[in-house]
Amino acid sequence: MTDQRTLGSETAIERDVVVVGAGPAGLTAARELVAAGRTVAVLEARDRVGGRTWSKTVDGAFLEIGGQWISPDQTELLALVEELGLETFQRYREGESVYVGSDGVRRTYTGSLFPASERTVAEMERLIGVLDDLVEEIGVEQPWAHPLARELDTVSFHSWLRARSGDEEACTNIGMFIAGAMLTKPSHAFSTLQAVLMAASAGSFSNLVDEDFILDRRVVGGMQSVSEAVAAQLGEDVVFLDTPVRTIRWAGEGETYAEHVPGTPVTVWSDRLTVRAKDVVVAVPPNLYSRISFEPPLPRLQHQMHQHQSLGLVIKVHAVYETPFWRDKGLSGTGFGAHELCQEVYDNTNHEDPRGTLVGFVSDEKADAVLALPAEERKRRILESLSNYLGEEARDPVVYYESDFGSEEWTRGAYAASYDLGGLHRYGAHQRTPVGPIRWACSDLAAEGYQHVDGALRQGRLAAAEILGAGSAPAAALQGAAR
Ligand code: FDA
């Protein structure tokens, strides 16, 4: 055992609860616990708080590198924003939107229906209705427990759609709303049950395909400011940056999961701090659990389950222009095209900013392809795609930036985790089961707000409530207890 792992050194502290990760989930758990009088240490690997929310000025342009939008049903987040005294503003949406169909033809439209052929539009509406019914029937809390769970979880969303409709353009468009826009995996890589959960987390499939609902508001000053404000309230003796957690010993020496004695103190080793506590909240996405050594090892079920949860891949593209030129043409800046490199584009202009900002998304296999290109060629192709929607001016931004969370060591993808085919019904019931004193909290495990900041907050609050409900002992009670 190295010195770094010796309790009693100057880097060792004691707290009631250790939280791993200072993203929205971890900070919320800490906030709730501190409010209830518990002592807490939040250990964060990065040099900043906020995790997958990150607001940054690049070449003079303020950009939302990570999560940014809030929908009206995300009441947990809206309430926190208000409580913190932050303001929100609506996404610009005046004027016509653009649809690039499977024929490559660009058409403008208003309202929520794509200007595809009558048959395609009718098929899209029918499929949305079928999915709304499934969402209604299955619900968001325990999709794995529904009698249809296995059947829906063992068929890919791609195949399920095509078994229900012969209209390829309708299937591609409906697939895009979940695949490219949410899970950021190809629709052959996840199940229909996973798609139903994604829609249920937003209230309905209809909500999910309505960009005016799902991409409604942003926080003035950026979404990361929510985490920064919470961290500031908690203070520097609670939130420790540059502190990646490497090992969690959650039972006595040589003890197995089955032999675990409740109340045994847990020890968390990070690069610059050792914390002994009674409870741990691991508030990192599931794909990163295996970056931490657990002593003793987690139960077999956990080992297996975690290997079936993975993050998708998306490049969030930011292009800033001297003016929002598309507005002068009567365009909203919104565009959809399942066959375009950027399947979605939106006006992402900052609050009261005279410059215009577009945000576009390049997802899953399309992202694989362009990430293999030299940066200049990738930029050229992405801007060409934006110009297909909004005109030649889109080719020439004054600031251009690609968010690439796939390259971030402490995330490794975007936006969040989903199960592979068959994983949700097989493991979903166990994903939040505590292991001894360890609880799991992140947006990737949420019901309402799944994959979103709102879901992260709900998960953080839930983990804290469970710890408080179980009656966590104060750190002083751990003095002298056996390791
Ligand atoms: P999150 O990943 O945010 O935080 C986990 C923290 O743990 C990180 O700070 C990480 O550094 C830290 N960590 C990891 N391993 C560690 C270790 N071993 N030791 C210590 N610390 C460790 N959502 C939304 O509501 N609206 C939106 O518009 C979008 N858009 C969007 C775009 C992009 C590009 C991304 C990447 C994500 C979004 N999201 C989003 C998703 C949203 O950002 C995400 O769901 C939440 O940030 C998740 O919060 P968590 O706290 O669960 O994890």
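1. Overview of empty space enclosed by the protein
- Going through the model one piece at a time under the given rule, you end up with four cavities of 30 Å³ or more.
- What lines the second largest cavity is a set of 14 residues, among which Ala-417, Tyr-419, Gln-431, Asp-444 and Tyr-450 lie closest to the centre.
- Elements supplying a minimum of two residues to the lining of the second largest cavity: helix 7 (192-200) and strand 22 (417-419).
- Its residues assigned to classes, the lining of the second largest cavity comprises nine nonpolar, four polar and one charged.

2. Considerations on the packing of aromatic side chains
- Tallied over the full model, the rule gives 17 aromatic pairs.
- Among the aromatic residues, ring-to-ring pairing joins Trp-69, Tyr-99, Tyr-109, Phe-114, Phe-177, Phe-336, Tyr-346, Phe-361 and Tyr-415 into one connected group.
- Across the ring face of Tyr-92, the terminal group of Arg-327 is positioned such that the distance to the ring centre comes to 3.7 Å.

3. Some words on the packing of helix 3 (residues 118-138) against helix 7
- Across the interface, helix 3 lies against helix 7 with an axial gap of 9 Å and an inter-helix angle of 80°. When the interaxial angle is binned, helix 3 and helix 7 end up roughly perpendicular. Residues Leu-131, Leu-134, Val-135 and Ile-138 of helix 3 lie in contact with helix 7, whose contacting residues are Leu-193, Val-196, Ala-199 and Ala-200.

4. Observations concerning the pairing of strand 18 (residues 331-336)
- Taken across its six residues, strand 18 has six buried, putting it largely inside the fold.
- As judged from the two bridges shared by strand 18 and strand 19 (residues 344-347), these two strands associate in the antiparallel manner. Across the sheet, the residue bridging to Phe-336 is Glu-344, located in strand 19.

5. Remarks on helix 14 (residues 375-390)
- Spanning 16 residues, helix 14 covers 22 Å between terminal C-alpha atoms, matching the ideal 22 Å at 1.5 Å per step.
- Where helix 14 is concerned, the buried positions are Arg-378, Ile-382, Leu-383, Ser-385, Leu-386, Ser-387, Tyr-389 and Leu-390.
- Immediately beyond the C-terminal end of helix 14, within one or two residues, lies Gly-391, with a positive phi of roughly 110°.

6. So, the environment of Asn-350
- If you trace the backbone, Asn-350 turns up in the loop between strand 19 and strand 20 (356-363).
- Residue classification places Asn-350 among the buried positions, given a relative accessible area of 11%.
- Note: C-alpha distance between Asn-350 and Phe-62 (288 residues apart in sequence) is 7.5 Å.
- Apart from residues lying up to four places away in sequence, Asn-350 is in contact with Phe-62, Phe-89 and Arg-218.
- A polar side-chain atom of Asn-350 sits 2.9 Å from the main-chain carbonyl oxygen of Phe-62.

7. A short note on the site of the ligand
- Surveying the vicinity of the ligand reveals 36 residues, the closest of which are Ala-25, Glu-44, Arg-52, Trp-69 and Ser-443.
- Contact distances for the ligand include 2.9 Å between an oxygen atom and a backbone N or O atom of Ala-25.
- Taking Gln-451, its main chain carries an N or O atom lying 3.0 Å from an oxygen atom of the ligand.
- Burial of the ligand by the surrounding chains reaches 98%, relative to a free accessible area of 1000 Å².
- Taken together, the residues of the shell around the ligand sort by class into 21 nonpolar, twelve polar and three charged.

8. Here's the deal with the nonpolar core
- In this structure, Phe-157, Ile-174, Ile-178 and Phe-205 are the most contacted members of the largest nonpolar core, which totals 66 residues.
- Ile-178 has contacts with Phe-157, Leu-183, Thr-184, Phe-190, Ala-195, Met-198, Phe-205 and Leu-208, leaving out every residue within four places of it along the chain.
- Listed in part, the 33 residues of the second largest apolar core include Val-17, Val-49, Leu-80 and Ile-467.

9. Observations regarding unusual backbone geometry
- Residue Pro-296 is bonded to the preceding Glu-295 through a cis peptide linkage, with omega at -5°.
- Along the polypeptide, Pro-296 turns up in the loop between strand 15 (293-295) and helix 11 (300-306).
- Cis geometry marks the peptide bond from Ala-414 to Tyr-415, where omega comes out at -5°.
- Looking at the element boundaries, Tyr-415 is found in the loop between strand 21 (399-403) and strand 22.
- A positive phi angle is found at Asp-364, which is not glycine, with a value near 35°.

10. Details of the pattern of salt bridges
- Evaluation of the coordinates by the stated rule reveals 26 salt bridges.
- The closest approach of N and O atoms between Arg-461 and Glu-32, which form a salt bridge, is 3.7 Å. Taken together, the residues span a long stretch of sequence, with Arg-461 in helix 16 (residues 453-469) and Glu-32 in helix 1 (residues 24-35) at a distance of 429 residues.
- Taking relative accessible area as the criterion, Arg-461 reaches 39% and is therefore assigned partly exposed.
- As a salt-bridge pair, Lys-329 and Glu-393 come within 2.9 Å of each other at their nearest N and O atoms. Placement of Lys-329 in the loop between helix 12 (325-328) and strand 18 and of Glu-393 in the loop between helix 14 and strand 21 is noted, with a sequence separation of 64 residues between them.
- In this structure Glu-393 comes out as partly exposed when scored by relative accessible area, which is 36%.
- Residues participating in the shared-partner salt-bridge network are Arg-91, Arg-93, Asp-212 and Asp-216.

Here is what the cut-offs are and how they apply
Within each chain, residue numbers correspond to sequence positions counted from 1 in written order. Local features in this predicted model are restricted to residues whose pLDDT is 70 or higher, and side-chain atom pairs enter the listing and the counts only when it is 80 or higher, whereas totals over whole chains, interfaces and linings include all residues. Note that water and hydrogens are dropped before the side-chain values are worked out from all heavy atoms of the structure. With a 1 Å grid laid over protein atoms only, a set of points is called a cavity when a 1.4 Å probe fits there but cannot get out and a pocket when it is open yet has protein on both sides within 12 Å along at least five of seven lines; lining residues have an atom within 4 Å of a point. Grid points are joined across faces, edges and corners, and a volume is the space filled by probe spheres set on the points. Numbering of helices and strands runs from the N terminus; a helix is a DSSP stretch of H or I covering at least four residues, while a strand is a stretch of E covering at least two. The nonpolar class holds Ala, Val, Leu, Ile, Met, Phe, Trp, Tyr, Cys and Pro. Asp, Glu, Lys and Arg form the charged class, and all remaining residues, Gly among them, are polar. Stacked, tilted and edge-to-face are the three classes assigned to paired rings of Phe, Tyr and Trp, where Trp is represented by its six-membered ring and a pair needs centres within 6.5 Å; plane angles under 30 degrees give stacked, over 60 edge-to-face, the rest tilted. Any Lys NZ or Arg CZ found within 6 Å of a ring centre and within 35 degrees of that ring's normal is scored as a charge over the ring. Helix axes use the C-alpha atoms of the stretch in contact, all axes being lines fitted to C-alpha atoms, and the angles between their N-to-C directions lie in the range 0 to 180 degrees. Oblique is the label for any angle not under 35 degrees, not over 145, and not in the 65 to 115 range, which are roughly parallel, roughly antiparallel and roughly perpendicular in turn. Whether two residues are in contact is decided by their heavy atoms: any pair within 4.5 Å suffices. For every residue, the accessible area (1.4 Å probe, protein chains only) is compared with the maximum for its type, and the residue is labelled buried under 20%, exposed over 50%, or partly exposed between those bounds. DSSP bridges decide pairing: two strands pair if at least two such bridges lie between them. Expected span, for any helix, means 1.5 Å times one less than how many residues it has. By the criterion applied in these results, polar contacts are pairs of N or O atoms within 3.5 Å in which, for protein atoms, one can donate a hydrogen and the other can accept it, and in which residues neighboring in sequence qualify only through two side-chain atoms. Near is defined per residue: the residue qualifies when any heavy atom it owns lies within 4 Å of the molecule or strand. Areas reported as accessible are Shrake-Rupley estimates using a 1.4 Å probe. Residue values count occlusion only from the protein chains shown. Residue types Ala, Val, Leu, Ile, Met, Phe, Trp, Tyr and Cys, when buried and joined through side-chain atoms within 4.5 Å, form a set referred to as a nonpolar core. For this document, the term salt bridge refers to a Lys or Arg side-chain nitrogen within 4 Å of an Asp or Glu carboxyl oxygen.

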